[in-house]
Each structure stands twice: as structure tokens, then as C-alpha cells.
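Chain residues, written in single-letter form:
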Amino acid sequence: KTKENSWKSGLSGKSTGDDRICSFFEFGGERVYMSKQEQQIVKSKSNAMDKPSLILLGFKSMNAIPMTHRISRSYIGYPNDSAVHGSKIAFAHLHAAMLRKNVLAIGELWVRSTATS
């Protein structure tokens, strides 16, 4: 048995096609619209789809996240220049900027490829 979604206009009550549905993501206080095809491209290009990885989602002020939310199992990220050329210098600059701006990096860590978010 297959499940189908249908969308109705809030104004007319009539069914509307998938081509009239827009998806967006909030980024920098603005809406960034993406088609379903663009979403699939982003997902397919994501390095988290097939191997363990760390995805950097953004930054928050050190004061924005209570200490009780930061106390759990800790992981230390470090560069591996032999696997990713330039990662050592990139990491050093990122770390220096985070200290200067007093921010934490927020990310999603995939320890193994079978893990779920």
C-alpha cells in the first residue's frame, strides 16, 4: 500500500500540485528556497551520507548554551594533514577565530556510517 500526500490551498481549498510547493531553510535570518531536486543534490554531496564525519552546522555564543547542555561525552576534533591537505592550518585559523569571538562550534558527529541523527 502506498501513501500519497496531497496539498490544499488555504484560500480556495482546492488541491495544488507538487510544483507549487516550496521548501526553504532559514539562513542568516533569510529564507533560502530550494527545489526538491536541489535538496537531493545537497544530500548526495553531503559527506555524511556514506562515511563517519563531523558536519559543522554553525556557531553560538559561549553564553547561549548552558553549561549543563555541554557536559556529556566529549570529543576532541583535530586536523589530519596527511588525509586532508591544509586541514591543520584551517583548523588553527578556525580555533583562533572562535576564541577571538568567544563562540562554540555546533556540529553533528557521525562516529560510524550506520549511525542516525
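Refer to the preceding data block for the structure.
No experiment lies behind these values; they were computed from the predicted model shown.

**Re the overall build of the protein chain**
Inference 1: Looking only at helices and strands, the protein chain has three helices and six strands in total.
Inference 2: In the protein chain, the order of α-helices and β-strands from amino to carboxyl end is β-β-β-β-α-β-α-α-β.
Inference 3: Counting every position in the protein chain, which comprises 117 residues, the buried fraction comes to 10%.
Inference 4: Considering only contacts within the protein chain whose residues lie at least 6 apart along the sequence, 52% involve residues at least 24 apart.
Inference 5: Element-wise, carbon and sulfur atoms account for 56% of the exposed surface of the protein chain, whose accessible area totals about 10700 Å².

**Some points on helix 3 (residues 87-101)**
Inference 1: Taking 1.5 Å of rise per residue, the 15 residues of helix 3 would be expected to cover 21 Å, and the 21 Å separating its terminal C-alpha atoms lies within 8% of that figure.
Inference 2: One or two residues past the end of helix 3 sits Asn102, with phi positive at roughly 55°.

**Regarding a nonpolar patch on the surface**
Inference 1: A cluster of nonpolar residues, Leu54, Tyr75, Leu109 and Val111, forms a patch on the protein surface that exposes about 420 Å² of accessible area.
Inference 2: Its place among the elements puts Tyr75 in the loop between helix 2 (67-70) and helix 3.

**Quick look at unusual backbone geometry**
Inference 1: Residues other than glycine seldom take positive phi values, yet Asn102 does so here, at roughly 55°.
Inference 2: Within the secondary structure layout, Asn102 lies in the loop between helix 3 and strand 6 (103-110).

**Details of the packing of aromatic side chains**
Inference 1: Considering all chains together, one arrives at one aromatic pair under this definition.
Inference 2: With 5.7 Å between their ring centres and 55° between their planes, Phe24 and Tyr33 make a pair best called tilted.
Inference 3: Of the residues examined, Phe24 reaches a relative accessible area of 32% and is grouped as partly exposed.
Inference 4: Residue Tyr33 is classed as partly exposed on the basis of its relative accessible area, which comes to 48%.
Inference 5: When the ring centre of Phe24 is taken as reference, the NZ or CZ atom of Arg31 above it lies at 4.1 Å.

**Overview of the pattern of salt bridges**
Inference 1: Applying the stated criterion across every chain yields a total of one salt bridge.
Inference 2: Among the salt bridges present, the one from Arg31 reaches Glu26, with a minimum N-O distance of 3.9 Å.

Parameters and conventions
- Residues numbered from 1 in each chain as written.
- Predicted model: local features only at pLDDT ≥ 70, side-chain atom pairs only at ≥ 80, totals over all residues.
- Heavy atoms only, no water.
- Helix = DSSP H or I, 4+ residues; strand = E, 2+ residues; numbered from the N terminus.
- Buried < 20%, exposed > 50% of the residue type's maximum accessible area, 1.4 Å probe, protein only.
- Contact = heavy atoms within 4.5 Å.
- Areas by Shrake-Rupley, 256 points an atom, 1.4 Å probe, with all protein chains shown as cover.
- Expected span 1.5 Å × (residues − 1).
- Patch = residues over 30% accessible without salt bridge, like charges linked within 9 Å, V, L, I, M, F, W, Y side chains within 5 Å.
- Salt bridge = Lys/Arg side-chain N within 4 Å of Asp/Glu carboxyl O.
- Phe/Tyr/Trp six-rings, centres within 6.5 Å; stacked < 30°, edge-to-face > 60°.
- Lys NZ or Arg CZ within 6 Å of the ring centre and 35° of its normal.

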